Amino acid sequence: MSTRQGTREQTRWTRARLGRSGPPLDLLTAHFDQHVYAPHAHDEFTIGVTVGGSEVIAYRGGRIHSYPGSIVVLEPGETHTGGPAATDGYAYQALYAEPSLLTDGSLGGLPHFRDPVLHDPDLAAALRAAHTDISTCPDPLEAESRLPWLLTALARRHSTARASTDTLPGADHIARTVRDRLADELLDPPSLAALATDLGLSRYQLLRAFRTTMGLPPYAWLAQHRVAKARGLLEAGLRPAEVAGLVGFADQAHLTRWFRRVLGVTPAAYRNSVQDTAG
């Protein structure tokens, strides 16, 4: 993770991994008042959500504009620039996705986005939330559970790709198998790609089966399982900082974030209340 701050410009670059020992995926959070990118291209899809102001981008021989809530998709190999469209600058969150991440769960080869600026408020909000959470704590299982799923949705909704069938026999068995592996290896969970290969599935099929059966993605299920384990350790008198590592959270802040989501209180508050009751 790196940050650059100038007088009027702010950028934050985070590298996440898609699963244990998986490929990297880079995420950028930026606010620019003056900076204009020189013409350049990427090997990956550049997928951004504008969160403030307006950006103007030279792309495919024309100029496109994005506004708050816009999703911008720039395809691999396409030369482009980018800069503020007005004096108040612009802010955005972007990720750089290998093309294969947009072909899982769809048919027709590499997706083509005829319109590089998309209006899809629900998907934009989901991309922003995932980007923010993973930039804050680049957990490999969370990144692999959330980002490929959203990128498949992006390709299926807005590109030339055709959706593959979502019918998957044995989804309950698949979900239980994945759940048990995650529970057995909660300190260092296997990648979803590896689990999918073991089951003869694509990662999208595994995610689909798990979400359909369990009602939530794998990283969220594992986080709740870790919280349940943490409760027992806190009740035994261990401190939150100790407990975090013992149940597989990255640090105390990571434990606290999930503990509050699941139980509504911090681990420290929970520990103190349990000890007060015991006393």
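A brief look at the structure comes next. Not measured: the values here are computed from a predicted model.

Here we look at the sheet that holds strand β9 (residues 80–84)
- Pairing within the open sheet is antiparallel, and its 4 strands lie in the order β4-β9-β6-β7. Both outer strands of the open sheet, β4 (37–40) and β7 (62–66), are each paired with one neighbouring strand and no more. Mean inter-strand twist for the sheet, computed between neighbouring axes without regard to direction, equals 20 degrees.
- Where β4 and β9 come together, 2 bridges link them in antiparallel fashion. Residue pairing across strands places Tyr37 opposite Gly82, the latter belonging to β9.

Some remarks on the pattern of salt bridges
- Tallied over the entire structure, the rule returns 15 salt bridges.
- Between Arg60 and Glu75 there is a salt bridge, with the nearest N and O atoms lying 3.2 Å from each other. On the criterion of sequence distance, the pair formed by Arg60 in the loop between β6 (55–59) and β7 and Glu75 in the loop between β8 (71–74) and β9 is long-range, its members being 15 residues apart.
- Its salt-bridge partner being Asp198, residue Arg181 comes within 3.7 Å of it at the nearest N-O pair.

Some points on the nonpolar core
- The biggest cluster of nonpolar side chains holds 35 residues, and the ones touching the most others in it are Val178, Leu182, Leu206, Phe249, Leu255, Trp258 and Phe259.
- Of all elements in the fold, only α2 (140–158), α3 (171–184), α4 (192–198), α5 (203–214), α6 (218–235), α7 (240–247) and α8 (252–263) reach the threshold of two or more residues within this core.
- No other element matches the 8 residues that α6 contributes to this core.
- Excluding residues within four positions of it along the chain, Phe249 makes contact with Ala223, Arg226, Val227, Ala244, His254, Leu255 and Trp258.
- Membership of the second largest hydrophobic core comes to 27 residues, among which are Ile71, Leu118, Leu123 and Leu127.

Some thoughts on α8
- Given a rise of 1.5 Å per residue, 12 residues ought to cover 16 Å, and the 16 Å separating the end C-alpha atoms of α8 matches this to within 8%.
- Where α8 is concerned, the buried positions are His254, Leu255, Trp258 and Phe259. The buried side chains of α8 occupy one side of the element, clustering within an arc of 125 degrees when seen end-on.
- Backbone nitrogen of Ala253 and a side-chain oxygen of the N-cap are separated by 3.2 Å at the start of α8; the cap is Asp251.

The rules behind each value
Residues numbered from 1 in each chain as written. Predicted model: local features only at pLDDT ≥ 70, side-chain atom pairs only at ≥ 80, totals over all residues. Heavy atoms only, no water. Pairing = 2+ DSSP bridges. Helix = DSSP H or I, 4+ residues; strand = E, 2+ residues; numbered from the N terminus. Axes fitted to C-alpha atoms, helices over the stretch in contact; angles between N-to-C directions. Salt bridge = Lys/Arg side-chain N within 4 Å of Asp/Glu carboxyl O. Core = buried A, V, L, I, M, F, W, Y, C linked by side-chain atoms within 4.5 Å. Buried < 20%, exposed > 50% of the residue type's maximum accessible area, 1.4 Å probe, protein only. Contact = heavy atoms within 4.5 Å. Expected span 1.5 Å × (residues − 1). Arc of directions from axis to C-beta. Polar contact = N/O pair within 3.5 Å; in protein donor to acceptor, adjacent residues only side chain to side chain.

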